[in-house]
Amino acid sequence: MLKNYRIMTAQIEKREIGNLLLEGIPEIPKTLSEKLNQYQNTREAHLVDWINKGEAILITTRFGDALQFHKIDCPGGKRTQLTFFKEPVFNGKASPDGNAFLFGKDIGGNEKYQLFHYDLSSDCVHLLTEGRSKNTNPVWNKTGDAFVYISTKRNKKDHDLYYFDLKSGQEFLLFEANGLWHPVDWSSDGQYLSVLNYRSINDCALYQLHLKTKALVQLSERGESIACRGGIWMPDGLGLFYTSDAHSQFRQLTFLNLKTQKRTILTASIEWDVEQLSLSPDGKTLAFTTNENGINKLYLLNTRNHSWRKVNDLSEGLISGLKWHPKKKLLALTINRANAPSDVFVFNLNRKTLEQWTFSELGGLDATQFIVPQLLHYPTFDDSEDATRMIPAFYYRPHTREQKHPVLIYIHGGPESQFRPAFLPVFQYYLNELGIAIIAPNVRGSTGYGKNFLKLDNGYKREDSVKDIGQLLDWIAQQPELDADRVAVIGGSYGGYMVLASMTHFNDRLRCGIDIVGISNFVTFLENTKSYRRDLRRVEYGDERDPDMRRHLESISPTSNAHKITKPMLIVQGLNDPRVPVSEAEQMLAAIRNNGGEVWYLLAKDEGHGFRKKSNRDVYSKAVILFLQEYL
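Residues numbered from 1 in each chain as written. Predicted model: local features only at pLDDT ≥ 70, side-chain atom pairs only at ≥ 80, totals over all residues. Heavy atoms only, no water.

Novice: Quick question: what am I supposed to make of helix H3 (residues 425-434) here?
Specialist: Since the α-helix packs 3.6 residues into each turn, any two residues three or four apart lie on the same face. Turning to H3, its buried residues number three or more, namely Phe-427, Gln-428, Tyr-429, Tyr-430 and Leu-431. Contacts made by the buried residues of H3 are with helix H2 (30-40), strand S32 (387-396), strand S33 (405-411), strand S34 (437-441) and helix H11 (614-631). The first or second residue beyond H3 is Gly-435, which carries a positive phi of 70 degrees. (Buried < 20%, exposed > 50% of the residue type's maximum accessible area, 1.4 Å probe, protein only. Helix = DSSP H or I, 4+ residues; strand = E, 2+ residues; numbered from the N terminus. Contact = heavy atoms within 4.5 Å.)

Next comes the structure, spelled out in structure tokens:
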């Protein structure tokens, strides 16, 4: 069989474009490139923090091939680029005085992030970490002369906590951990650190770590399957805010009084997850966001009496960032909408006004033509609380209605994730230039809909999420404006597995599939993913070391069912992917070709888990569009 595969591979046309290897992919027509160019040249801006004592804002945006840091001094002001790396930057953290910031950067998508220090007074950048392990999540102390971060340098598996003293340039191992721990916030007196132990998305615990004695005290509720986030100290050190689903299907905002040990649930009336927390420097106001059906809402809480109000002065979309001005009642944030790219805004609490600071380019496109999706719910195969379970999905419908539209089903990754209606320029191209309708379901196992929904696909229930796609195909067949004979599936990571599984289960109902960095065999994936991820993934997928589970994982893996795929496939992969290794793509590629199937293959030599460089994403987008034009 391997010999036949080698013969077939030798007959397939291979080309190289920069760091990209293309197999079986035809030449991209110039007309496609010209039309797509506008969509590919839209930009976004994301908030990092206030800098220079609140006189400027640090952002990330892209003017070249990769995301870099810029600063902006006033609303609509000039964006001054600060970093000029070939690789994208990651996770910027401004110092308390705003005179410096920390950030991460890897090489070629390998996720071995190294930490750097940028001094804004001298524009000097210094590498702080050793270069061979993964180093992330730096958290500054209140004085800005030290920080704590997590690293796998000890054994390349566990995430330990390290203390870095910037004055001396020395560091030491603060807390040796088993599994994944990360710092959240320092107490004002510098004696304690709130730290989170992440065992799975359903099982996280919050602790207080005494920096000198290393004494560890659990702060969050005790019990199985309790998930919490946050751990923000009040300035007086007598309490902290965090979120927990101990008493609900959703993570509720909770205040813990450390003196009395009394817990107060503050958002019991909001039946959605509380996501982000940000406390004002004076400790008087806590800003928090909720995830309400995939859309963010912003709330402000008075920390004295714990009353809160929703901020209704924002346009509907996705909110991130939440950074307070060091002295004024100004809250900076990033807003992303389905019909507008991410931009940085500042909300004035006194005036209750929102001011836009960045104005990202749209490549000359007409924003009025961008399509906003409709939220819908379709019935699936089982019941929930004595009623048919409904699966939420976002439906993008093209403007033209004179014909039946082909359909692209977009399946998110994770699986502990959620499709949310962000601005996706390539979606707008599919809709406006190709007339393709897009449906993005949040199948069982997605976040945002309660912890029971999140667990519905764990272990032996893995293929129940695939059945949800089958039920979506039934729903599509009932819509007069959609063409059930022209349906494709696309997804990345776990979504890539879902694509492959859908192609094996519903081959006769699908025209083609696009698998991006997807899992093709759960056993080989669990054996080959980076060691620091392995136990986390076993909680979700099952432990391949157990013989019964191993047999089950083998039986449902796409490589075991590749013979059922007779429709064209496009497989996309990054060579340096530490999460889903390149071997997952190549064994699926071999299996399909050995069965005589048609498959296009795109491999990026300088990417990891997804394409982050614009030049690579541009070719990838063109290949996907050409594939859809050819087969959908």
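After presenting the structure, the write-up continues.
Novice: Would you mind showing me how to read the packing of helix H5 (residues 464-477) against helix H6 (residues 494-505) here?
Specialist: Between two packed helices, both the angle of their axes relative to each other and the distance between the axes serve to describe the pair. Closest axis-to-axis distance for the H5/H6 pair is 10 Å, and the angle between their directions is 65 degrees. Seen from above, H5 lies across H6 with right-handed handedness. Note on element contacts: H6 touches H5 through Tyr-494, Tyr-497, Met-498, Ala-501, Ser-502 and His-505, opposite Ser-465, Val-466 and Ile-469. Its residues assigned to classes, the contact of H5 with H6 comprises six nonpolar, three polar and no charged. (Axes fitted to C-alpha atoms, helices over the stretch in contact; angles between N-to-C directions. Left-handed = near helix turned anticlockwise from the far one by under 90°. Nonpolar A, V, L, I, M, F, W, Y, C, P; charged D, E, K, R; others polar.)

Novice: Looking at this structure, how should I read the pattern of salt bridges?
Specialist: Between side chains of opposite charge, pairing is possible as soon as their charged atoms come close. One pass over the full model with this rule turns up 40 salt bridges. A salt bridge links Arg-15 to Glu-27; its shortest N-O distance comes to 3.7 Å. With Arg-15 in strand S1 (residues 14-17) and Glu-27 in the loop between strand S2 (20-23) and H2, this pair connects stretches of sequence that are 12 residues apart. With relative accessibility at 14%, the residue Arg-15 sits in the buried group. One continuous salt-bridge network, built from bridges that share partners, spans Asp-535, Arg-538, Asp-543, Glu-544 and Arg-545. (Salt bridge = Lys/Arg side-chain N within 4 Å of Asp/Glu carboxyl O.)

Novice: Would you take a moment to explain H5 for this structure?
Specialist: In this model H5 runs 20 Å from its N-terminal to its C-terminal C-alpha over 14 residues, within 8% of the 20 Å that 1.5 Å per residue would give. Of all 14 residues in H5, 10 are buried, a share of seventy percent or more. Those residues of H5 not exposed but buried are Asp-464, Ser-465, Val-466, Asp-468, Ile-469, Gly-470, Leu-472, Leu-473, Trp-475 and Ile-476. Where the residues of H5 are buried, they touch strand S31 (374-384), S32, S33, S34, strand S35 (482-492) and H6. (Expected span 1.5 Å × (residues − 1).)

Novice: Can you walk me through the sheet that holds strand S21 (residues 252-257) in this structure?
Specialist: Pairing is antiparallel in the open sheet, where four strands are placed in the order S19-S20-S21-S22. The open sheet has two free edges, formed respectively by strand S19 (228-233) and strand S22 (263-265), since each of these has just one partner strand. Recorded for the sheet is a direction-independent mean angle of 25 degrees between the axes of neighbouring strands. Pairing analysis gives six bridges linking strand S20 (residues 239-244) to S21, with the strands arranged antiparallel. Among the inter-strand pairings, Phe-241 is bridged to a residue of S21, identified as Phe-255. (Pairing = 2+ DSSP bridges.)

Novice: Please clarify how the sheet that holds strand S3 (residues 45-51) should be interpreted in this entry.
Specialist: Picture the strands of a sheet paired through backbone hydrogen bonds; they go either parallel or antiparallel. Strand order in the open sheet formed by four strands is S3-S4-S5-S6, and the pairing between neighbours is antiparallel. Among the strands making up the open sheet, the edge pair consists of S3 and strand S6 (80-81). As paired elements, strand S5 (residues 68-72) and S6 share two bridges and run antiparallel to each other. In the sheet register, Lys-71 faces S6, and the bridge partner there is Thr-80.

Novice: Help me out: how do you make sense of the packing of aromatic side chains in this one?
Specialist: For any pair of aromatic rings, the description consists of the separation of the ring centres together with the inter-plane angle of the planes. Taken as a whole and judged by the stated rule, the model has 42 aromatic pairs. Ring centres 4.3 Å apart and planes at 15 degrees place the aromatic pair Phe-90 and Tyr-113 in the stacked group. Taken together, the residues span a long stretch of sequence, with Phe-90 in strand S7 (residues 89-94) and Tyr-113 in the loop between strand S8 (100-105) and strand S9 (114-119) at a distance of 23 residues. Judged by centre distance (4.9 Å) and plane angle (50 degrees), the rings of Phe-241 and Phe-255 are tilted. Residue Phe-241 is found in strand S20, and its partner Phe-255 is found in strand S21; the two are separated by 14 residues along the sequence. As far as the burial class goes, Phe-241 and Phe-255 line up, both buried. Connected via pairs of aromatic rings, a cluster forms that spans Phe-69, Phe-85, Phe-101, Phe-103, Phe-116 and Tyr-118. Looking at Lys-153, its charged tip hangs above the ring of Tyr-162, at a distance of 4.6 Å from the centre. The ring of Phe-381 is capped by Lys-467, whose NZ or CZ atom sits 5.1 Å from the centre of that ring. (Phe/Tyr/Trp six-rings, centres within 6.5 Å; stacked < 30°, edge-to-face > 60°. Lys NZ or Arg CZ within 6 Å of the ring centre and 35° of its normal.)

Novice: Help me understand the side chain of His-325, please; the structure alone is not making it clear to me.
Specialist: Structurally, His-325 can be placed in the loop between strand S27 (318-324) and strand S28 (330-337). For His-325, the side chain forms a polar contact with the main-chain oxygen of Gly-54, separated by 3.1 Å. In terms of polar contacts, His-325 uses its side chain to reach the backbone amide nitrogen of Lys-328, at 3.1 Å. The contacts of His-325, once residues within four sequence positions are left out, are Trp-50, Lys-53, Gly-54, Pro-281 and Leu-330. (Polar contact = N/O pair within 3.5 Å; in protein donor to acceptor, adjacent residues only side chain to side chain.)

Novice: Quick question: what am I supposed to make of the side chain of Asn-561 here?
Specialist: Inspection of the secondary structure puts Asn-561 in the loop between helix H9 (547-556) and strand S37 (569-574). For Asn-561, a relative accessible area of 12% corresponds to the buried category. At 3.1 Å, the side chain of Asn-561 forms a polar contact with the backbone oxygen of Ser-555. Excluding residues that lie within four positions of it along the chain, Asn-561 makes contacts with Thr-504, Ser-555 and Ile-556.

Novice: How should I be thinking about the environment of Gln-114 in this particular structure?
Specialist: Following the sequence through the fold, Gln-114 ends up in strand S9. Between the C-alpha atom of Gln-114 and that of Asn-336, which follows or precedes it by 222 residues, the distance is 28 Å. If sequence neighbours within four positions are ignored, Gln-114 has contacts with Phe-103, Gly-104, Lys-105, Leu-127, Thr-129, Glu-130, Gly-131, Arg-132, Ser-133 and Asn-135. For Gln-114, the side chain forms a polar contact with the main-chain oxygen of Ser-133, separated by 2.7 Å.

Novice: Would you mind showing me how to read the packing of H2 against H11 here?
Specialist: At their nearest, the axes of H2 and H11 sit 11 Å apart, and the two run at 125 degrees to each other. The angle between H2 and H11 places the two elements in the oblique class. For the pair H2 and H11, the sense of crossing is right-handed. Facing H2, whose interface residues are Leu-32, Ser-33, Leu-36 and Gln-40, H11 presents Lys-614, Arg-617, Asp-618, Ser-621, Lys-622, Ile-625, Leu-626 and Gln-629. (Parallel < 35°, antiparallel > 145°, perpendicular 65-115°, else oblique.)

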